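Next come the chains, spelled out residue by residue.
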Amino acid sequence: MHKSIIFFIDFHENSGLGHLNRCLKLKKIFKIKDVTFVTQTKINLPYIKCVNNTFDKFIKNNKKKYDLAVFDSYDQNYKNQKKFSKFVSKIIVIDDLCKNKFYCDYLINYNPYIKEINYKNKISKKTLLLMGINYNFILNNESKIKLNYSNKNNIFIYFGKKNRSSIIKKILISLKNLKKSINEINIVSNYPVRSNEFPNLKILKINKNINIKRLINKSEICIISAGIILYEAINQKKIIFSK
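S.K.: What's the story with the overall build of the chain in this structure? I'm lost.
M.R.: When you go through the chain residue by residue, the secondary structure sums to six helices and 12 strands. Counting the 243 residues in the chain, one finds 44% classified as buried. If you sum the accessible surface of the chain, you get close to 14700 Å²; carbon and sulfur atoms cover 50% of it.

S.K.: Explain the sheet that holds strand β1 (residues 4-9) here, please?
M.R.: Paired through backbone hydrogen bonds, the strands of a sheet run either parallel or antiparallel to each other. Taken together, seven strands build an open sheet; the order of strands is β3-β2-β1-β4-β5-β6-β7 and the sheet is parallel. A single partner strand is all that each edge strand has here, and the edge strands are β3 (49-52) and β7 (128-131). Averaged over all neighbouring strand pairs, the angle between strand axes comes to 20°, with direction disregarded. Each of β1, β2 (34-39), β4 (66-72) and β5 (88-94) touches helix α1 (residues 18-30); the most contacted strand, β1, lies at about 165° to it.

S.K.: What's the story with the side chain of Asp-105 in this structure? I'm lost.
M.R.: Position of Asp-105 among the secondary structure elements: in the loop between β5 and β6 (106-109). From its side chain, Asp-105 meets the backbone nitrogen of Ile-91 in a polar contact 2.7 Å long. Within the local environment of Asp-105, its side chain forms a polar contact with the side chain of Lys-126, the two groups lying 3.5 Å apart. When neighbours within four sequence positions are excluded, Asp-105 is seen to be in contact with Ser-89, Lys-90, Ile-91, Lys-126, Thr-127 and Leu-128.

S.K.: I keep staring at helix α4 (residues 165-175) and nothing clicks. Help me out?
M.R.: The α-helix winds at 3.6 residues per turn, so residues separated by three or four positions along the chain end up facing the same way. For α4, the full list of buried residues reads Ser-165, Ile-168, Ile-171, Leu-172 and Leu-175. Down the axis of α4, the sector holding all buried residues measures 120°, keeping them to one side. The exposed residues of α4 that point more than 90 degrees off its buried face are Lys-170, Ile-173 and Ser-174. Of the surrounding secondary structure, the elements contacted by the buried residues of α4 are β8 (153-158), β9 (182-188), β10 (201-204) and β11 (221-224).

S.K.: Explain a positive patch on the surface here, please?
M.R.: The grouping of Lys-65, Lys-79, Lys-83 and Lys-86 at the surface amounts to a positive patch. For Lys-86, the position within the fold is in the loop between α3 (78-84) and β5. Residue Lys-86 is classed as exposed on the basis of its relative accessible area, which comes to 54%.

S.K.: Mind showing me how you'd approach the sheet that holds β8 here?
M.R.: Spatially, β10-β9-β8-β11-β12 is the arrangement adopted by the five strands of the open sheet, whose pairing is parallel. Bordering the open sheet on either side are β10 and β12 (239-242), each of which pairs with just one other strand. If you compare each strand with its neighbour and ignore which way they point, the axes differ by 15° on average. With four bridges joining them, β8 and β11 adopt parallel strand pairing. Paired with Ile-157 across the two strands is Ile-223, which belongs to β11. The sheet strands contacting α4 are β8, β9, β10 and β11, and the helix crosses β9 at an angle near 175°.

S.K.: Looking at this model, I keep getting lost on α1. Mind explaining?
M.R.: Over its 13 residues, α1 runs 19 Å from end to end, which matches the ideal 18 Å to within 8%, given 1.5 Å per residue. Among the residues making up α1, those that are buried are Gly-18, His-19, Leu-20, Asn-21, Arg-22, Cys-23 and Leu-26. Buried residues in α1 make contact with β1, β2, β4, β5 and α6 (228-235). Once α1 finishes, Lys-31 follows within two positions and takes phi at roughly 55°, a positive value.

S.K.: What am I meant to see in the packing of aromatic side chains here?
M.R.: The geometry of two aromatic rings is summed up by the distance between their centres and the angle between their planes. Following the criterion strictly, the structure yields 14 aromatic pairs and no others. Centre to centre, the rings of Tyr-110 and Phe-137 are 5.7 Å apart; their planes meet at 85°, and the pair counts as edge-to-face. Of this pair, Tyr-110 sits in the loop between β6 and β7 while Phe-137 sits in the loop between β7 and β8, placing them 27 residues apart in sequence. Neither Tyr-110 nor Phe-137 differs from the other in exposure class; each is buried. An aromatic cluster of at least three residues, connected via ring pairs, comprises Phe-8, Phe-55, Phe-58, Tyr-66, Phe-71, Phe-84 and Phe-87. Sitting over the ring of Tyr-78, Lys-101 keeps its end group 4.9 Å from the ring centre.

Calculation rules
Residues numbered from 1 in each chain as written. Predicted model: local features only at pLDDT ≥ 70, side-chain atom pairs only at ≥ 80, totals over all residues. Heavy atoms only, no water. Helix = DSSP H or I, 4+ residues; strand = E, 2+ residues; numbered from the N terminus. Buried < 20%, exposed > 50% of the residue type's maximum accessible area, 1.4 Å probe, protein only. Areas by Shrake-Rupley, 256 points an atom, 1.4 Å probe, with all protein chains shown as cover. Pairing = 2+ DSSP bridges. Axes fitted to C-alpha atoms, helices over the stretch in contact; angles between N-to-C directions. Contact = heavy atoms within 4.5 Å. Polar contact = N/O pair within 3.5 Å; in protein donor to acceptor, adjacent residues only side chain to side chain. Arc of directions from axis to C-beta. Patch = residues over 30% accessible without salt bridge, like charges linked within 9 Å, V, L, I, M, F, W, Y side chains within 5 Å. Salt bridge = Lys/Arg side-chain N within 4 Å of Asp/Glu carboxyl O. Lys, Arg positive; Asp, Glu negative; His and termini not counted. Charge placed at Lys NZ, Arg CZ, Asp CG, Glu CD. Expected span 1.5 Å × (residues − 1). Phe/Tyr/Trp six-rings, centres within 6.5 Å; stacked < 30°, edge-to-face > 60°. Lys NZ or Arg CZ within 6 Å of the ring centre and 35° of its normal.

Structure below.
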């Protein structure tokens, strides 16, 4: 029934690729040909109209009406969602944090432990909550991954921009027993972490030049936070340990 869909996506140097990959997955479910992605950083995707613009500038010049709008963005708030409602029939919000107020017809949060009470006073009566693992459109159970301990494995560690040095040090101690099975460890952190056990350990600072996707791609194991980066590792079908 729907002919057009527009996505407002966090895609910039601080966001990684999780939001983008998630929306590409959701796009396949809708099977709509008229698709627009609005992102802060320029991107080119086949069969998708990609607009590199801020929300305010886009909406200022927009005259088109859409059937569906999807907000997968921490940058877009209740005010922006309501402002765009005059251009669209239905609004879908994908949420992970459960912190903000939302203006939408459907809200997706596939955290298996999320409860309706978590959204009390954050949504309107018209909003339909799609919660829990049954609405996890990211998971792909088709591929079975096994770790081969006879090979040397690369490990990727990332816990965001805050100082998680104490957690990372504990992880390195735990990895000590698997030392013979490890080729290299890449840690993305702005805080120093030292280990005499792993001379091949690399500390990479978080900046616009860091290629998170490439680091995940070259690693067999990802030890990461449970944020958007988790979905990026899932998309690349890695073995994941998360806290």
